[in-house]
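Single-letter residue listing:
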Amino acid sequence: MQLEDIKNISVIGVGTMGHGIGLTYALRGYRVVLNDLSEAILNNAMAHIRGELKTFAENELISQDMIETTLSRITTTTDLKEAVKDADFVTEAVWEDIEVKRKLFSDLDILCPGHTILASSTSALLLQDIASQCQRRGKTVITHWVNPPHLVPAVEVVRGEGTSDETMELAYDLLRKIKKVPVRIMREIPGFILNRLQAAMMREVWSLWQQGIASAEDIDLLMKTSLGFRWAAIGPLATADLGGLDIFYNFTSRLLKVISDVHEPPEELKKMVAAGELGLKSGKGFFKYDVSYFEEGQAESVTARDKKHIQLLKLWYS
Ligand SMILES: NC(=O)c1ccc[n+]([C@@H]2O[C@H](COP(=O)([O-])OP(=O)(O)OC[C@H]3O[C@@H](n4cnc5c(N)ncnc54)[C@H](O)[C@@H]3O)[C@@H](O)[C@H]2O)c1
């Protein structure tokens, strides 16, 4: 299959990630079918998509006309067979559960046309496990999008055990075509690159917060206005070059001895999760949120985040 042959995209699982992935493909001209377990979930996903397109238009990322044009490219169904019968490329974004993903990949293997590429958006599972029962191992790949997927440019394109060169390149080229920034990960390791880096940093963030070294607000403020600010322009290795490798060698050799090296998240976080304090989705986490996220298609905190990301995105594309 050539890139030009990809016309129909199906997205299975349209929660936090899937609806944004579907929206991105539709925005760039693809016919998109969304599939999930119930009509209510699909309606909610469409409400989110409408809200996000509205935010795009309000912030002049797209014209008003593009809202209806994009929506007209999207259809929904709870019937998996119907969802993938014409698919050239399928992205699954279902729960991060190996049994659910493995079963889905086996079903897709049977239901999809022979040429269809199956992509998983798993954050931490391995394709060798997810696609273990698939006949078309060569046509499976991981495309790990970053939340919010309709805004964050990068997507990790991960080669699994059986992924063919052709599939790697097609997934890469497809993501470039929809104006994403794909990055090739040539061998799958747990967490790929992005989540390993994120976990390494979160370990220290959790530790500083747990010790009360600074408030949650201040830790976030510092990150946004220092490392986050820098990294939006240049990466950590170029930052080290510009700062001086001798300087970076010295401070890391001292600090690596004292920063956290625990292998579990902190007990306090475990308690918050057990108490149902899950962040935006339950209205309370480190901060408080209005819970309209699941009811109205767009919570205030999400719109505010998206506006900031859109400003960055405009800079990135300029
Ligand atoms: N949330 C993130 O920040 C993030 C970031 C990157 C990658 N991911 C990965 O993306 C995937 C989805 O995560 P999410 O946060 O969007 O999850 P989510 O819980 O928000 O959404 C998952 C959706 O999948 C649906 N689903 C479950 N089983 C299904 C099935 N058999 N068929 C159809 N639909 C099914 C659920 O109903 C739900 O709507 C996971 O693999 C996750 O690791 C998540």
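See the structure printed just above.
Just so it is clear, the structure is predicted and the values come from calculations on it, not from any experiment.

Enquirer: So, the overall build of the protein chain: which residues are in play, and what are the values?
Expert: Helix and strand counts for the protein chain stand at 15 helices and eight strands. Against the 2.2 N^0.38 benchmark of 20 Å for 318 residues, the protein chain shows a C-alpha radius of gyration of 20 Å, consistent with a compact globule. Along the first, second and third principal axes, the C-alpha set of the protein chain runs to 55 × 45 × 40 Å. Burial statistics for the protein chain: of 318 residues in total, 43% are counted as buried. Total accessible area computed for the protein chain in this model is approximately 17,300 Å², and 57% of it derives from carbon and sulfur atoms. Taking the average location of the 36 positive side-chain charges in the protein chain and that of its 43 negative ones, the two points are 3 Å from each other.

Enquirer: Please give an account of the pairing of strand β1 (residues 8-12) that cites residues and values.
Expert: Of all five residues in β1, five are buried; the element is thus mostly enclosed. Burial along β1 is two-sided: N8, S10 and I12 facing one way and I9 and V11 facing the other are all buried. Note: β1 against strand β2 (residues 31-35), five bridges, orientation parallel. Bridge pairing in β2 links S10 to V33.

Enquirer: Report on unusual backbone geometry, specifying residues and quantitative values.
Expert: For the peptide bond that leads from N147 to P148, omega is -5°, which places it in the cis range. Phi is positive for E60, close to 55°, though the residue is something other than glycine. On the basis of relative accessible area, E60 is assigned to the exposed category, the value being 67%. In this model, K179 sits at a positive phi of 70°, which is unusual for a non-glycine residue. Since its relative accessible area comes to 43%, K179 is described here as partly exposed.

Analysis parameters
Residues numbered from 1 in each chain as written. Predicted model: local features only at pLDDT ≥ 70, side-chain atom pairs only at ≥ 80, totals over all residues. Heavy atoms only, no water. Helix = DSSP H or I, 4+ residues; strand = E, 2+ residues; numbered from the N terminus. Rg over C-alpha atoms; globule rule 2.2 N^0.38 Å. Buried < 20%, exposed > 50% of the residue type's maximum accessible area, 1.4 Å probe, protein only. Areas by Shrake-Rupley, 256 points an atom, 1.4 Å probe, with all protein chains shown as cover. Lys, Arg positive; Asp, Glu negative; His and termini not counted. Charge placed at Lys NZ, Arg CZ, Asp CG, Glu CD. Pairing = 2+ DSSP bridges.

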